[in-house]
Amino acid sequence: MKIQPAANLQGEINLPGDKSISHRAALFSALAEGTTRIENFATSADCASTLSCLAQLGVEISQENSTVTVKGVGKTGFQSADNPLDCGNSGTTVRLLAGILAGQNFDSVLTGDESLSGRPMKRVIEPLTAMNALLEATENHLPMKVHGKNPLKAISYEAKIASAQVKSCVLLAGLNSDGKTSVLEKTPTRDHTERMLRWFGVEVAETEKENGKLITVSGDANLTAKDLFVPSDVSSAAFFLVAAACLKGSEIVLRAVGLNPTRNAVVEVLRAFGAEIEIFNEREIGNEPLGDLRVRGGGNLQPKLSSNILRGKIIANLIDEIPILAVFGTQIEGGIEIREASELRVKESDRIKSVVENLRKMNARVEEFDDGLRVGKSDLKGARVKSFGDHRIAMAFAVAALFARGETEITNAECAAVSFPAFFEILQSVAK
Ligand code: S3P
């Protein structure tokens, strides 16, 4: 993919449905009793992986454009799959599905592509084993065999890493446990699971403790089908927010963007760094807050912060936006430093390494740390960069290319389809 620099961005953009919420919408409506119609379901390849795994497990699904209809089978109504369940590139598919399959009375095998096969599964194997499921995975990597058991043993699990996937895995397993299953979350992570379980009629208790929040579900809870609308993906919005905020004279509008407070720190951070983002038409649908966003590019961004360092609890809230925030750092006075973000090393690629390598190729001043990076304000120059097979790297560097002098080439950029198949088409239509 070759990208030319742009003067600014103009227009109104329809973003795809949120990836995290779409996965949950598909999985939870399969677990429910009754039929659920999901509107604005993500167009992402990852969410297609979730749908195809569910179909292999005997769930009837139909799709017309971005509307998906799922006929629920109930918490234990799945059929064992004849073949391994291929989760493709999707960490959310494999980790949430593991929690559901652990509580079924049959065995399953979960597989994925090369990137997913290199990602850590111990984080789900450990709690599910404590619940009496048996999981087999060589060196804690896919393929992973899940020997299901029903009911599972209810546990109280103290989360060791800030991960919404692990939290959701344990809570889903808890729905097929013999009592109350809890997760103690020291650092808040995206709470789409808690919100959507409630939408489907499940009681999710939350208690503030000294060392975090205790989230509890009961093994006797049942889900009842209820139609859903998926907000547009704030993580996909982030690429356009950064591009428009940095290019003087830009004005773009993004409709119905998910603004869940455990997910939208990127908007607040961009504003704090001087970006002009207006939120209007705020509302709530399906227990998820959303709103329309207007971004105006003022050029020459001046941070309104005392420090340009992002670290601590906010990192979990913008974990998927760090590649694009690093690109943003090249455009602001004082740059950006990101720390305590070593989870980035086990995403679809080692995102610290991918970002540092590409930024250097584009002439940016950048320093790598074990747990993050620092990038200074830089004059970017066009270069040949790699996507590292990672959708968010491909899209972040397409935005960097707009800021650069000369043409940028991104190899294997088609992996953007993992979350956002129409990304390049839309970018080209709004870039002037
Ligand atoms: C996700 C949680 C995050 C995020 C991923 C989606 C989810 O992963 O990076 O893109 O939908 O629960 P972790 O739970 O590994 O932090």
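Residues numbered from 1 in each chain as written. Predicted model: local features only at pLDDT ≥ 70, side-chain atom pairs only at ≥ 80, totals over all residues. Heavy atoms only, no water.

Student: Which residues make up the domain arrangement of the protein, and what are the values?
Tutor: Domain assignment breaks the protein into domain 1 (2-16 + 231-430) and domain 2 (19-228). Residue-level contacts link 27 residues of domain 1 with 25 residues of domain 2. In total, domain 1 and domain 2 occlude about 2300 Å² of area from one another, counting both sides; carbon and sulfur atoms represent 48% of this. Considering only the surface of domain 1 that becomes buried against domain 2, N287, E348 and V418 emerge as the three largest contributors, covering 22% of it. Here E343 ties to R123 by a salt bridge, and the two come within 3.0 Å at their closest N and O atoms. Across the domain 1-domain 2 interface, the total number found is 16 residue pairs in polar contact (both at pLDDT 80 or more). Counted by class, the side of domain 1 that touches domain 2 contains eleven nonpolar, seven polar and nine charged residues. (Domains from an automatic or database assignment. Contact = heavy atoms within 4.5 Å. Buried area = accessible area lost by both parts, 1.4 Å probe. Salt bridge = Lys/Arg side-chain N within 4 Å of Asp/Glu carboxyl O. Polar contact = N/O pair within 3.5 Å; in protein donor to acceptor, adjacent residues only side chain to side chain. Nonpolar A, V, L, I, M, F, W, Y, C, P; charged D, E, K, R; others polar.)

Student: Please provide a residue-by-residue account of the packing of aromatic side chains, values included.
Tutor: Within the structure shown, the criterion is met by six aromatic pairs. Consider the rings of F239 and F423, whose centres lie 5.8 Å apart with planes at 70°: the pair is edge-to-face. Residue F239 is found in helix α8 (residues 234-246), and its partner F423 is found in helix α14 (residues 423-430); the two are separated by 184 residues along the sequence. Between F240 and F423, the ring centres sit 5.6 Å apart and the planes meet at 50°, which makes this aromatic pair tilted. Of the two residues, F240 sits in helix α8 while F423 sits in helix α14, which places them 183 residues apart along the sequence. Of the two residues, F240 and F423, neither departs from the other in class, the shared state being buried. If you follow K226 out to its NZ or CZ, it ends over the ring of W199, 3.9 Å from the centre. When the ring centre of F369 is taken as reference, the NZ or CZ atom of R339 above it lies at 3.7 Å. (Phe/Tyr/Trp six-rings, centres within 6.5 Å; stacked < 30°, edge-to-face > 60°. Helix = DSSP H or I, 4+ residues; strand = E, 2+ residues; numbered from the N terminus. Buried < 20%, exposed > 50% of the residue type's maximum accessible area, 1.4 Å probe, protein only. Lys NZ or Arg CZ within 6 Å of the ring centre and 35° of its normal.)

Student: Pulling in residues and values, what's your account of the pairing of strand β3 (residues 35-39)?
Tutor: Only one face of β3 is buried: it carries T36 and I38, and the other face, with T35, R37 and E39, is open. Two strands pair when backbone bridges link them, and β3 and strand β5 (residues 67-71) are joined in this way by four bridges, in the antiparallel orientation. Residue pairing in the sheet places R37 in a bridge with T69 of β5. Of the pairings in the sheet, the one linking β3 to strand β14 (residues 228-229) comprises two bridges and is parallel in character. Note on β14: the bridge partner recorded for E39 is F229. (Pairing = 2+ DSSP bridges.)

Student: Tell me about the nonpolar core, and please be specific about residues and values.
Tutor: One finds F240, L254, F328 and F397 to be the most contacted residues of the largest nonpolar core, which totals 79 residues. No other element matches α8, which puts eleven residues into this core. In contact with L254, other than residues within four places in its own chain, are I13, L15, A237, F240, L241, G291, D292 and L293. (Core = buried A, V, L, I, M, F, W, Y, C linked by side-chain atoms within 4.5 Å.)

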